[in-house]
Amino acid sequence: DAGITQSPRHKVTETGTPVTLRCHQTENHRYMYWYRQDPGHGLRLIHYSYGVKDTDKGEVSDGYSVSRSKTEDFLLTLESATSSQTSVYFCAISESLAGTATGELFFGEGSRLTVL
Amino acid sequence: AQKVTQAQTEISVVEKEDVTLDCVYETRDTTYYLFWYKQPPSGELVFLIRRNSFDEQNEISGRYSWNFQKSTSSFNFTITASQVVDSAVYFCALSAANTGNQFYFGTGTSLTVIP
């Protein structure tokens, strides 16, 4: 199994509070991603990173920020959590193969966030 | 723009029946990759297969087989002689070489295998 650890695995918070989810990998993969999973929507990309301090927005990035100061860590921050951000959040990693070839995604176990 | 459509939201089959999960994709890139993932009730996401756009050969792995057809932009997944352990949500995904390694997922097909 790919070495991906998400923390916390479960969190309940109140509207308006800041929340940070952490993703840690031991695979030294270049690419890291944050997805959210909601019923009827599948997996939607929030932000991704293609290297240390190199990040870009996904399709549902509003209300989220990310940081990657080390290859192994990718943080997702909700500056002021809202009830619409109640979801299951998955971190994923992948490696680029031989240039632009895309390797498969490996996922963490998910973090369930509830915003009351 | 990249898009993946899994039109089947839920499928139920009786054990030992064959079942095909449909996946239709859209991309303007000539180099792209297609994937299937399985999410069992326990919640983890498990990689099943990766296929690149230059390889249209069908693939078989045990009871699983995949049919890739560029002419119809489809990458369908068949489970032969289904088992209860196959009950899961299955996601099809697309990644194009020119989109910064972004992955685009379909909304998933929930498969229930009835014993």
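The rules we used
- Residues numbered from 1 in each chain as written.
- Chains lettered and ligands numbered in written order.
- Predicted model: local features only at pLDDT ≥ 70, side-chain atom pairs only at ≥ 80, totals over all residues.
- Heavy atoms only, no water.
- Disulfide = S-S within 2.5 Å.
- Helix = DSSP H or I, 4+ residues; strand = E, 2+ residues; numbered from the N terminus.
- Salt bridge = Lys/Arg side-chain N within 4 Å of Asp/Glu carboxyl O.
- Buried < 20%, exposed > 50% of the residue type's maximum accessible area, 1.4 Å probe, protein only.
- pLDDT = per-residue confidence, 0-100.
- Contact = heavy atoms within 4.5 Å.
- Buried area = accessible area lost by both parts, 1.4 Å probe.
- Polar contact = N/O pair within 3.5 Å; in protein donor to acceptor, adjacent residues only side chain to side chain.

Turning to the state of the cysteines, a few remarks are in order. Applying the stated criterion to the full structure yields two disulfides over all chains. Across the disulfide from Cys23 of chain A sits Cys91 of chain A; the S-S distance is 1.9 Å. Handedness here is read from the sign of the S-S torsion; for Cys23 of chain A and Cys91 of chain A, about -70 degrees, the answer is left-handed. Of this pair, Cys23 of chain A sits in strand E3 (residues 19–25) while Cys91 of chain A sits in strand E9 (residues 87–94), and the two are 68 residues apart along the sequence. Through a disulfide, Cys23 of chain B is tied to Cys92 of chain B; the S-S separation comes to 1.9 Å. Between Cys23 of chain B and Cys92 of chain B, the disulfide has an S-S torsion of -65 degrees and is therefore left-handed.

Once that is clear, we can look at the pattern of salt bridges. Residue and element names in this part refer to chain A. Considering all chains together, one arrives at nine salt bridges over all chains under this definition. Across the pair Glu109 and Arg9 runs a salt bridge, and its minimum N-O distance is 3.0 Å. One end of the pair, Glu109, is in the loop between strand E12 (106–107) and strand E13 (111–115); the other, Arg9, is in the loop between strand E1 (4–7) and strand E2 (10–13), and 100 residues separate them in sequence. Taking the relative accessible area as the measure of exposure, Arg9 reaches 34% and is therefore partly exposed. One salt-bridge network, in which partners are shared between bridges, spans Arg22, Lys70 and Asp73.

Next up on the list: the confidence of the model for chain B. Across chain B, the average pLDDT comes to 93, with 99% of residues at 70 or higher. Per-residue pLDDT, averaged within each element of chain B, yields its smallest value for strand E7 (residues 59–61) of chain B (87) and its largest for strand E3 (residues 19–21) of chain B (98).

What follows covers the interface of chain B and chain A. At the interface, 19 residues of chain B touch 20 residues of chain A. Summed over both sides, the interface of chain B with chain A buries roughly 1,800 Å², with 57% coming from carbon and sulfur. Here chain B and chain A share one salt bridge between them. The salt bridge partner of Arg50 of chain B is Glu104 of chain A, with a shortest N-O separation of 4.0 Å. Taken together, the links from chain B to chain A amount to four residue pairs in polar contact (both at pLDDT 80 or more).

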